[in-house]
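Here are the chains, one letter per residue:
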Amino acid sequence: MSAAAPSSAGLFDCRDSFASTIESLAEADPRIVTVVSDSVGSSKLTGFKKRWPERMVNVGIAEQTVVAVGAGLANGGKVPFVSAASCFLTGRALEQIKADIAYSNVNVKLIGQSSGVAYGELGPTHHSIEDMAWLRLLTNLTIFVPADPWQTEQAIRAAAAMEGPVFVRISRMPVPALDRTNPRFEIGKAETLVEGSDATIIANGTMVHRAVAAAKMLAIDGVFARVVNMATISPLDEAAIIAAAETGAIVTVEEHNIRGGLGGAVAEVVTGNTPVPMRIMGFPGFVPTGSADWLMEHFGLNAAGIADAVRHTIARKK
């Protein structure tokens, strides 16, 4: 099955890519099941439910249970995809993810839907801007943060193919399909989308296309920024980060708290190898209630804001 067609603006909901991919995988592998917490519609799994009602478990609004059931199914030889809103899946069920999934090293695929500030108007209780920080502490949990529909499909296929626990962070915010000359998805390997030697922008998820737009804006002024898509946050591509430091300045951009997420992970590598000026862009903490687009604009997480951060970081070069 193919992913859903783009909107009239050429934007995609990556949940559609997730849904079509999981159905394609389930056709070939009867071990694949889905587990949801009253999140069939928001996970775009209505089609899966119609085709294989016996392969879906809906536990209701009980995120701790949804993770525990996923662990039990994995122990029984199934390949469960546990899909729920990321804010509740990673917050309310963090202990179960730690003990039942990561520590036990079971073959469960956790899908954190509508991550970041995608539920903008519902406020901080529904914002999921701490999930990467919490989860990347669990060392054997592979974490994917895909940036567009193609990469979402590749992340889901990679998750199904590998043995062990995985978390895939998927947003409901529409994004464009990224231009790639040589598409390749490899676990733990970053993707360079724009070449540049004056600075490096490292981003993931919904921030990647904004980083590319910022690089184009900078190029008009003769500033050439590399853009690195860090779609795997664990394991982290340390070699790509060390290479980024060679440009002399790094700006990280994420739909996440500025503490503990992608920026923190990159800073850990930079400070231990080749310290250079850095700027971590994201949200400073709890953010106001408002649409996702308004929140992005308000906190400068757009092409102009990223470009400005790159200029200021370059100015700090020694």
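We now turn to the structure provided with this report.

Parameters and conventions
Residues numbered from 1 in each chain as written. Predicted model: local features only at pLDDT ≥ 70, side-chain atom pairs only at ≥ 80, totals over all residues. Heavy atoms only, no water. Helix = DSSP H or I, 4+ residues; strand = E, 2+ residues; numbered from the N terminus. Polar contact = N/O pair within 3.5 Å; in protein donor to acceptor, adjacent residues only side chain to side chain. Contact = heavy atoms within 4.5 Å. 1 Å grid on protein atoms, 1.4 Å probe; cavity = no way out; pocket = protein on both sides within 12 Å on 5 of 7 lines; lining within 4 Å. Points joined across faces, edges and corners; volume = space filled by probe spheres on them. Nonpolar A, V, L, I, M, F, W, Y, C, P; charged D, E, K, R; others polar. Pairing = 2+ DSSP bridges. Axes fitted to C-alpha atoms, helices over the stretch in contact; angles between N-to-C directions. Core = buried A, V, L, I, M, F, W, Y, C linked by side-chain atoms within 4.5 Å. Buried < 20%, exposed > 50% of the residue type's maximum accessible area, 1.4 Å probe, protein only. Expected span 1.5 Å × (residues − 1). Right-handed = clockwise from strand over helix to strand, strands pointing away.

**What to know about the side chain of S114**
Its place among the elements puts S114 in the loop between strand 4 (109-113) and helix 6 (131-135). Here R172 takes part through its side chain, which lies 2.9 Å from a polar atom of the side chain of S114. Among all residues touching S114, those that are not within four sequence positions of it are R15, Y119, I170, S171 and R172.

**Overview of empty space enclosed by the protein**
Scanning the entire structure with this criterion turns up one cavity of 30 Å³ or more. Of the volumes computed, that of the largest cavity is approximately 120 Å³. In terms of lining, the largest cavity is formed by 17 residues, of which the most central are P146, R169, S171, G205 and T206. Partitioning the lining of the largest cavity into residue classes produces eight nonpolar, six polar and three charged.

**As for the sheet that holds strand 9 (residues 225-229)**
Reading across the sheet, the five strands line up as 7-9-8-11-12 and stay open at both edges, with mixed pairing between neighbours. Looking at which strands have only one partner, the edges of the open sheet turn out to be strand 7 (191-194) and strand 12 (278-283). Between one strand axis and the next, the sheet turns by 25 degrees as a mean value, whatever way the strands run. Inspection of the sheet shows strand 7 paired to strand 9 by three bridges, in the antiparallel sense. When the bridges of strand 9 are listed, T192 appears paired with V228. Lying on the sheet, helix 8 (residues 208-220) is in contact with strand 7, strand 8 (199-203) and strand 9; it crosses strand 9 at an angle near 170 degrees. This element, helix 12 (residues 303-314), spans strand 8, strand 11 (250-257) and strand 12 of the sheet and lies at about 155 degrees to strand 12.

**Some words on the nonpolar core**
Within the largest apolar cluster, 38 residues are counted, with the highest numbers of intra-cluster contacts made by V67, L89, L110, I202, I241, I250 and V266. Looking at this core, the elements that each hand over two or more residues are helix 3 (63-75), strand 3 (79-85), helix 5 (94-103), helix 6, helix 9 (238-245) and helix 10 (262-272). Ranked by residues supplied to this core, first place goes to helix 10 with five residues. Every residue in contact with I202, bar those within four places of it in the chain, is listed here: V228, M230, I241, A244, I250, V251, T252, V253, L262 and V266. Ranked by size, the runner-up nonpolar core spans 34 residues in total, among them A147, L178, A249 and F283.

**Some remarks on the layout of surface pockets**
The computed volume of the largest pocket comes to approximately 580 Å³. What lines the largest pocket is a set of 26 residues, among which D179, R180, E191, T192 and L193 lie closest to the centre. The set of elements that each furnish at least two residues to the lining of the largest pocket consists of strand 7 and helix 8. Taken together, the residues that form the lining of the largest pocket break down as 11 nonpolar, seven polar and eight charged. Approximately 180 Å³ is the volume attributed to the second largest pocket. Lining the second largest pocket are S37, D38, S39, S42, I61, E63, A84, A85, F88, R92 and Y119.

**Some remarks on helix 1 (residues 14-28)**
Taking 1.5 Å per residue, 15 residues should reach 21 Å; helix 1 reaches 22 Å between its end C-alpha atoms and fits that length. In terms of residue burial, helix 1 counts as a mostly covered element, since 12 of its 15 residues are buried. Where helix 1 is buried, its residues meet strand 1 (32-36), helix 2 (46-51), strand 3, strand 4 and helix 7 (149-161).

**Quick word on the pairing of strand 6 (residues 166-169)**
Residues V166 and V168 point to one face of strand 6 and F167 and R169 to the other, with burial holding for every one of them. When strand 4 meets strand 6, the two strands line up parallel, connected through four bridges. Following the sheet pairing, K109 is matched in strand 6 by V166. Strand direction decides the pairing type here: strand 5 (residues 142-144) and strand 6, joined by three bridges, are parallel. Of the residues in strand 6, the one forming a bridge with T142 is V166. Each parallel crossover has a hand, and for strand 5 linked through helix 7 to strand 6 it is right-handed.

**A word on the sheet that holds strand 10 (residues 232-234)**
Taking strand neighbours across the sheet as the criterion, the seven strands line up as 2-1-3-4-6-5-10 in an open arrangement whose pairing is mixed. Of all strands in the sheet, those bounded by a partner on one side alone are strand 2 (56-58) and strand 10. Sheet twist, expressed as the mean angle between neighbouring strand axes with direction ignored, is 20 degrees.

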